[in-house]
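# Observations on chain architecture
Here's the letter readout for the chains.
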Amino acid sequence: MNTLDQIFVLLRQWLVSFLPAGWQAAAGVLLSVAVIVGLFPALFALTTVFERKGLGRIQNRLGPNRVGPFGFFQPIADGIKSLTKEDIVPLRADTAVHFLAPVLLVLTVFMGFAVLPMGRNMTLVEMDSGLLFYFAMGTSTELAVFMAGWSSRNKYSLLGAMRAVAQMISYEVPLLLSSVTVVMISGSLSLTKIVAAQNHYSHGLPHWYIFTPWGFAGFLMYAIATTAETNRSPFDLPEGESELVAGYHTEYSGFKFALFFLGEYLAMFSISGLGATLFLGGWTAPFSFLTWVPSWIWFFSKLMLSIFVFIWLRGTLPRLRQDQLMNFAWKFVLPMCLLNLFVAGAWRFMGDGWLRWVVCSAILIAAYVGLGLGGLRRGKIGPRRYRYAE
Amino acid sequence: MLGEGIIKGLAETARNFFASYFSAERLTTVEYPEQRIAPFEAARVFPFLVFDQENRDGGGPEWEAGMRCVACQICEKECPPKCIYIEKSRDKKLDYLGKAQYYPARFDIDISVCMSCQICVEVCPFEAIKMNTVFELSTTDRFGALLLNREQLAKPNEYYHKIHPTEAAAVDARLAEAKIKSETKATAGAIAAAVRGAEVPARPVEGGV
């Protein structure tokens, strides 16, 4: 059991042991980096085909089924296609920035994986301020997005980039605030320690943060913010293919476009991984009798479950308007997150017992209903009047 | 309450997702090259020229002899994207009414330009041009193969009956009616002439009138 749980750690030790002692530490890190850089793009390839098939099923059709058995070799065909396509750079584009933007995007997204605990003892860098590092890296993707839009010298690209940056900055705030509650309760910025804080059971059930009132609310806010942060439907305004051609990557073709696509999905994986770590107990098992299953299986199944929910949401919800998006961020998600900080504090200092459950749940439900009824209500819709000519 | 609609929507899509694995009738699409849906009568793609097999005046192959088109060039003039090109013949042939008419010496439709608007069909007074239902027309030749000449365009009336039965029956009835009308007119004219001939004393006929 323990061997299977630690199989990757042991494998790395065994492989590294062939090298001289001085090189072992560096080689171990390089090996882990190589695995991460290989594994997640492979997962991306698999996800694209699952997403297309899943969306097809949601719309009562079959989805891609031409390449290979049940269409599962579709990503290979897509990869070959984007590799062999002509790489067009607009004549008046800023060539250097235009080239750097997709590279920077993928780079910063990959950096986020460094601090994620993907299993017991399976964190690449045991950083004390892992969460802070993760958000620093996650925020840098906005720079890459704006670089792409600006350097293309195309109004659609620039509009898409501006939308993207406005949206990502707006949702960055609730993303951080919803994560801060976890830091408040667990008392640590280290992701390994946050997982360890959730890794105990009572009556066979785990103490994941999602099973507390503040954790549940925080997780919902986190999920909303991540959907917006990764530009997924229903918050896919930056891409908005029916309005903006393709948003900030309009002027990208061939493999650079594929890199943007890859970056988007990798961001989705890493932010889902972080969500699982913060609220769903990371690599811990959902029941105490299932702890014999290797920890990395739990981490990746939670990650894939999040991806499935992302796809499900994409198949269900229509795209929001820009003002709806902003209203939702600033008038609903942000007040809920701020209130949740208070609730988490109350939870921490009310001690054990049923009272804190009642009080915290009541505050959150009241706020949810209140904000839902009042905060998002718009003025009465009457006959339209053209005001600017008066 | 806030989020109620989202839950409902998620339930609906989840039902679609899982039920599509169990009930085949949910899947409304067909896998096109292998499976096909039966062609339906109202389908209209590109125009073709109708010919009658029973009407054979002049030599040439069947499609050329029986072509209903009289090269009046109305369709050529009406065509919005100007994809029709007609050259009128020098000589005349008898049409189904027994009337001498021109015929198209050349009739080309560039289907890469044609927008399938069906205006040519609507303006044709001779029921000569109709819409086809064949839609698999892609070729590997960009230039020549998309310009259809009159041999490629000509299809027998039976074919028209096969693809648009109701419409073709109406057209046939109309044509038969016109034929009967012209025949009665001709008979009436002949009778009148005969009557006139009986009243007026016969003059000596000059040769070669």
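A brief structural summary. The structure presented is a predicted model; accordingly, all values stated were derived computationally and were not measured.

Basis of the calculations
- Residues numbered from 1 in each chain as written.
- Chains lettered and ligands numbered in written order.
- Predicted model: local features only at pLDDT ≥ 70, side-chain atom pairs only at ≥ 80, totals over all residues.
- Heavy atoms only, no water.
- 1 Å grid on protein atoms, 1.4 Å probe; cavity = no way out; pocket = protein on both sides within 12 Å on 5 of 7 lines; lining within 4 Å.
- Points joined across faces, edges and corners; volume = space filled by probe spheres on them.
- Helix = DSSP H or I, 4+ residues; strand = E, 2+ residues; numbered from the N terminus.
- Nonpolar A, V, L, I, M, F, W, Y, C, P; charged D, E, K, R; others polar.
- Pairing = 2+ DSSP bridges.
- Axes fitted to C-alpha atoms, helices over the stretch in contact; angles between N-to-C directions.
- Core = buried A, V, L, I, M, F, W, Y, C linked by side-chain atoms within 4.5 Å.
- Buried < 20%, exposed > 50% of the residue type's maximum accessible area, 1.4 Å probe, protein only.
- Contact = heavy atoms within 4.5 Å.

### Topic: empty space enclosed by the protein
All names here are of chain A.
- Summed over the entire model, instances satisfying the criterion amount to five cavities of 30 Å³ or more.
- When its volume is computed, the largest cavity comes out at roughly 280 Å³.
- Lining the largest cavity we find 24 residues, and of these Val109, Gly138, Thr141, Glu229 and Ala267 sit closest to its centre.
- Listing elements by their share of the lining of the largest cavity, those giving two or more residues are helix 5 (95-112), helix 6 (130-151), helix 7 (155-186) and helix 10 (254-279).
- Here the element with the most residues in the lining of the largest cavity is helix 6; it accounts for seven residues.
- Of the residues that constitute the lining of the largest cavity, the class distribution is twelve nonpolar, nine polar and three charged.

### Quick word on the layout of surface pockets
Residues and elements named next belong to chain A.
- Estimated volume of the second largest pocket: approximately 890 Å³.
- Forming the boundary of the second largest pocket are 33 residues, of which Phe44, Thr48, Asp78, Phe257 and Phe261 lie nearest the centre.
- Among the elements of the structure, helix 3 (24-58), helix 4 (74-84) and helix 10 are those that each provide at least two residues to the lining of the second largest pocket.
- At nine residues, helix 10 tops the list of elements feeding residues into the lining of the second largest pocket.

### Quick word on the sheet that holds strand 1 (residues 47-51) of chain B
Residues and elements named next belong to chain B.
- The three strands are arranged 6-1-8 in an open sheet whose pairing can be described as mixed. A single partner strand is all that each edge strand has here, and the edge strands are strand 6 (129-131) and strand 8 (154-156). Neighbour to neighbour, the strand axes of the sheet diverge by 50° on average, direction disregarded.

### Things to note about the nonpolar core
- Within the largest apolar cluster, 73 residues are counted, with the highest numbers of intra-cluster contacts made by A:Phe40, A:Phe113, A:Tyr171, A:Leu266, A:Phe269, A:Leu274 and A:Leu278.
- Sorting elements by how many residues they give to this core places helix 12 (residues 322-349) of chain A first, with 13 residues.
- Among all residues touching A:Phe40, those that are not within four sequence positions of it are A:Phe113, A:Met118, A:Leu266, A:Phe269, A:Phe300 and A:Leu303.
- The next biggest cluster of nonpolar side chains, apart from the first, holds 26 residues, and it includes B:Cys69, B:Cys124, B:Met131 and B:Leu148.

Geometric descriptors of this kind do not, in isolation, establish any biological role.
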